[in-house]
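Understanding the architecture of this molecule
Listed below, chain by chain, are the residues.
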Amino acid sequence: MNIDHYTYRVTWSPDDSEHVGLCIEFPSLSWLAQTPQDALSGIRKIVAKVVSDMRSNGEQIPKPLSEKRYSGEFRVRIPPDVHRTLAIQAAEQGISLNRLASAKLSGN
């Protein structure tokens, strides 16, 4: 498993007054540091150690999000009145409900 393929993020923590490094695939891990670079370096080192330990113990290692395949489909439950409103909007625009929902989800 290549730890470079995991999804890392560095953000500011006002509670800690430090930068915090995070890895989406390992939500229980974090690393606090004075600089963003040190926060990223720290979380990468922790992830490498955890992956090594998991491998040694025969545990299943999380697959990086970047290596997962997505079908492009998912089901969303919405209230009937929202469904009706969206269907009307799609009809008024002369597009399918699916295309309208896709555009709204992508921010277009």
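Look above for the structure.
Bear in mind that the values here come from a model prediction, so they are computed numbers and not experimental data.

**Some details on the nonpolar core**
Judged by nonpolar contacts, Ile-3, Tyr-6, Tyr-8, Cys-23, Phe-26, Leu-29, Ile-43, Val-47, Val-51, Met-54 and Ile-61 together constitute the single largest core of 11 residues. The element contributing the most residues to this core is helix H1 (residues 36-56), with four residues. Among all residues touching Tyr-8, those that are not within four sequence positions of it are Ile-3, Leu-22, Cys-23, Leu-40, Ile-43, Arg-44 and Val-47.

**Thoughts on the environment of Gly-94**
Tracing the sequence through the fold places Gly-94 in the loop between helix H2 (80-93) and helix H3 (97-105). Distance in space between the C-alpha atoms of Gly-94 and Val-82 is 18 Å, their sequence separation being 12 residues.

**Digging into the packing of H2 against H3**
Running from N to C, H2 and H3 point in directions that differ by 105°, and their axes come no closer than 8 Å. One way to sum up the angle between H2 and H3 is to call them roughly perpendicular. Counting all contacts with H2, which are made through His-83, Leu-86, Ala-87, Gln-89, Ala-90 and Gln-93, the residues of H3 involved are Leu-97, Leu-100 and Lys-104. Here the residues of the contact of H2 with H3 are counted per class, giving five nonpolar, three polar and one charged.

**As for a nonpolar patch on the surface**
On the surface, Phe-74, Val-76, Ile-78, Val-82 and Leu-105 cluster together into a nonpolar patch covering about 490 Å² of accessible area. Tracing the backbone through its elements, the reader meets Ile-78 in the loop between H1 and H2. Its relative accessible area of 38% is what places Ile-78 among the partly exposed residues.

**Focus: the sheet that holds strand S3 (residues 30-33)**
Read from one edge of the open sheet, three strands run S1-S2-S3, paired in antiparallel fashion. Sheet topology places strand S1 (8-13) and S3 at the edges, where each strand pairs with a single neighbour. The mean inter-strand angle of the sheet, taken between neighbouring strand axes irrespective of direction, is 25°. Pairing analysis gives four bridges linking strand S2 (residues 18-23) to S3, with the strands arranged antiparallel. Across the sheet, the residue bridging to Gly-21 is Trp-31, located in S3.

**Quick word on the pairing of S1**
Direction of pairing for S1 relative to S2: antiparallel, over a ladder of six bridges. Paired with Thr-11 across the bridge in S2 is Val-20. The antiparallel pairing of S1 with S2 creates a hairpin that spans four residues between the two strands, and Ser-17 there sits at a positive phi of about 55°.

**Concerning H1**
Over its 21 residues, H1 extends 30 Å from the first C-alpha to the last, a length consistent with the 30 Å expected when each residue adds 1.5 Å. Buried residues along H1 sit against S1, S2 and S3. Gly-58, located one to two residues past H1, shows a positive phi value of around 70°.

Conventions we followed
Residues numbered from 1 in each chain as written. Predicted model: local features only at pLDDT ≥ 70, side-chain atom pairs only at ≥ 80, totals over all residues. Heavy atoms only, no water. Core = buried A, V, L, I, M, F, W, Y, C linked by side-chain atoms within 4.5 Å. Buried < 20%, exposed > 50% of the residue type's maximum accessible area, 1.4 Å probe, protein only. Helix = DSSP H or I, 4+ residues; strand = E, 2+ residues; numbered from the N terminus. Contact = heavy atoms within 4.5 Å. Axes fitted to C-alpha atoms, helices over the stretch in contact; angles between N-to-C directions. Parallel < 35°, antiparallel > 145°, perpendicular 65-115°, else oblique. Nonpolar A, V, L, I, M, F, W, Y, C, P; charged D, E, K, R; others polar. Patch = residues over 30% accessible without salt bridge, like charges linked within 9 Å, V, L, I, M, F, W, Y side chains within 5 Å. Areas by Shrake-Rupley, 256 points an atom, 1.4 Å probe, with all protein chains shown as cover. Salt bridge = Lys/Arg side-chain N within 4 Å of Asp/Glu carboxyl O. Pairing = 2+ DSSP bridges. Expected span 1.5 Å × (residues − 1).

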